[in-house]
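For reference, the chains in residue letters:
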Amino acid sequence: MTSLLIGCGNLGKIILDGFQKKDKKVFVLDNNSKVKREISKKYGKVKFCETLSEVKWKSIKYIMICVKPKFAKEILNELKNFCEKTHIIISFVAGLKTNIILKYTGAKSEVVRIMPNIFIETNNSATAIFTKNLNHKLKKKLKTDFSSFGILIWIYSEKQLDFFTAMFGGGPAYLFFFLDCLNRLNKKNGIKANDSFLLLGSLLEGTLKQIKMGNTNFEKLISTVASKGGTTEEALKIFSRNQSFYSLLERAILKAKKKSLEISEDFI
Ligand SMILES: NC(=O)c1ccc[n+]([C@@H]2O[C@H](COP(=O)([O-])OP(=O)(O)OC[C@H]3O[C@@H](n4cnc5c(N)ncnc54)[C@H](OP(=O)(O)O)[C@@H]3O)[C@@H](O)[C@H]2O)c1
């Protein structure tokens, strides 16, 4: 079985790397000559094709689409001439819905949508995977084939992908934003830059260890830090007054979800 990877930029390179480590055959189609040079240098045995008609279609199982949304329609239009029942189209394109892929490609192949985040690079992506029709065996295979991404969870309603994109696609940026605020506060209060990174890193590692130990009752964990009449309680009173922190987060994530929906509408 060979896979075709269309678009080998930021995300495509990581996918290719995962497949190479598992010794899986991949054909790459990317029209950026710099990308081609880089990949040929890194993986001598990756085969490139210049056009879809050069692809040995009989051997292809996965057709992975990994280009920016603005280039996706053009690719789907071309794919229409090659897609067969035996192929599984795997789209990583944010906002590109299954019915649009089916409409452009002639509805012959199965379609799967995968939405990872940037932590895919360290195999720690929180990834959603969605398909309308695939059977249990193929679903299991897909999960194994993309296990290098990190955590993969199946979602059963395509609409949920908009929320998932907003929450977990953007998630790394929200956490970095929060850390940046803490870092600025550290600096303002005289903590040296290097110390601040070490201290924030240890806060994160400690938090993660608690979760990995199975301590996932966050309210209980908070109460172990915030003793009655203590300092932390004073800060938490500000965070939770009128649910202000929660409401701000909710508003921000819903705005990102709305943007994901708007991007989807651009494809129609
Ligand atoms: N990056 C992420 O972390 C991430 C996470 C989740 C989902 N996604 C989704 O993944 C997709 C790709 O994102 P990316 O950041 O990897 O984009 P990218 O870095 O721009 O990579 C896309 C690659 O495809 C090439 N390309 C464009 N049109 C093509 C065509 N018609 N045929 C062959 N190759 C073509 C581009 O070449 P040029 O540079 O010459 O245009 C580029 O090398 C997006 O739809 C995005 O929504 C990305």
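Residues numbered from 1 in each chain as written. Predicted model: local features only at pLDDT ≥ 70, side-chain atom pairs only at ≥ 80, totals over all residues.

Colleague: Quick question: what am I supposed to make of the overall build of the protein here?
Modeller: Along the backbone of the protein there are 11 helices and eight strands. Based on the C-alpha atoms only, the size of the protein along its principal axes is roughly 70 × 40 × 35 Å. Expressed as a percentage of contacts within the protein between residues at least 6 apart in sequence, the contacts between residues at least 24 apart total 60%. (Helix = DSSP H or I, 4+ residues; strand = E, 2+ residues; numbered from the N terminus. Contact = placed C-beta atoms within 7 Å.)

Colleague: What am I meant to see in the domain arrangement of the protein here?
Modeller: Note: interface size is frequently given as the accessible area lost on complex formation between the parts. By the assigned domains, the protein splits into domain 1 (2-169) and domain 2 (171-264). Each of domain 1 and domain 2 has a C-alpha centre, and these two points are 33 Å apart. In this complex, domain 1 contributes 15 residues to the contact, which on the side of domain 2 involves nine residues. Counting residues per element, the side of domain 1 that touches domain 2 draws most heavily on helix H6 (residues 160-169), at seven residues. (Domains from an automatic or database assignment.)

Colleague: Help me out: how do you make sense of the sheet that holds strand S3 (residues 47-48) in this one?
Modeller: The pairing of strands in a sheet happens through backbone hydrogen bonds and is either parallel or antiparallel. With respect to topology, eight strands assemble into an open sheet ordered S3-S2-S1-S4-S5-S6-S7-S8, the strand pairing being mixed. Since the sheet does not close on itself, it has two edges, and those belong to S3 and strand S8 (150-154), each with one partner. Across the sheet, helix H4 (residues 98-105) is in contact with strand S5 (88-91) and strand S6 (110-115); its angle to S6 comes to roughly 140 degrees. (Pairing = 2+ DSSP bridges. Axes fitted to C-alpha atoms, helices over the stretch in contact; angles between N-to-C directions.)

Colleague: Which parts of the structure should I look at to understand the pairing of S5?
Modeller: The side chains of a regular strand alternate, residue by residue, between the two faces of the sheet. Here strand S4 (residues 60-65) runs beside S5; their pairing, made up of four bridges, is parallel. Along S5, the bridge assignment pairs Ile65 with Ser91. A crossover links S4 with its parallel partner S5, the connecting element being helix H3 (residues 69-79), and its sense is right-handed. For the crossover that starts at S5, traverses H4 and ends in the parallel S6, the hand is right-handed. (Right-handed = clockwise from strand over helix to strand, strands pointing away.)

Colleague: Please clarify how the environment of Gln160 should be interpreted in this entry.
Modeller: Mapped onto the elements, Gln160 comes out in helix H6. For Gln160, a count of 13 C-beta atoms within 10 Å corresponds to the partly exposed category. Each C-alpha atom, one on Gln160 and one on Lys143, is 19 Å from the other, the two residues being 17 residues apart in sequence. (Buried ≥ 20, exposed ≤ 12 C-beta atoms within 10 Å, placed from the backbone.)

Colleague: Help me out: how do you make sense of the site of the ligand in this one?
Modeller: The full set close to the ligand counts 27 residues, and Gly7, Gly9, Leu11, Asn32 and Ala94 are the nearest of them. Listed by contribution, the elements that provide at least two residues to the shell around the ligand are helix H1 (10-21) and H3. Ranked by residues supplied to the shell around the ligand, first place goes to H3 with four residues. Of the residues contributing to the shell around the ligand, the split by class is 16 nonpolar, eight polar and three charged. (Near = placed C-beta within 6 Å. Nonpolar A, V, L, I, M, F, W, Y, C, P; charged D, E, K, R; others polar.)

Colleague: So what exactly am I meant to see when it comes to unusual backbone geometry here?
Modeller: Working note: non-glycine residues mostly have negative phi, and peptide bonds are mostly trans. If you check the backbone angles, Asn123 has positive phi at about 60 degrees while not being a glycine. Residue position: Asn123 is located in the loop between S6 and strand S7 (125-131). One non-glycine residue with positive phi stands out, namely Asn242, at about 50 degrees. Positionally, Asn242 belongs in the loop between helix H10 (231-240) and helix H11 (244-266).

Colleague: How do you make sense of the confidence of the model for the protein when you look at a structure like this?
Modeller: If pLDDT is low for a region, its predicted coordinates should not be looked at in detail. Taken residue by residue, the protein gives an average pLDDT of 93. The fraction at 70 or more is 100%. Helix H7 (residues 171-188) holds the highest mean pLDDT among the elements of the protein, 98, whereas S3 holds the lowest, 89. (pLDDT = per-residue confidence, 0-100.)

Colleague: So what exactly am I meant to see when it comes to H6 here?
Modeller: In an α-helix, one full turn covers 3.6 residues, which means residues spaced three or four apart are oriented alike. With respect to burial, H6 is a largely interior element, seven of its 10 residues being buried. Along H6, the residues classified as buried are Leu161, Asp162, Phe164, Thr165, Ala166, Phe168 and Gly169. Check the buried side of H6 and you find it contacts S6, S7, H7 and H11.

Colleague: Looking at this structure, how should I read the packing of H3 against H4?
Modeller: How two helices sit against one another is set out by the angle between their axes and by the gap between those axes. Interaxial distance between H3 and H4 falls to 7 Å at its minimum, and their mutual angle equals 45 degrees. In this view, H3 runs oblique relative to H4, as classed from their interaxial angle. Mapping the contact onto sequence places Lys73, Leu76, Asn77 and Leu79 in H3 and Ile101, Tyr104 and Thr105 in H4. (Parallel < 35°, antiparallel > 145°, perpendicular 65-115°, else oblique.)

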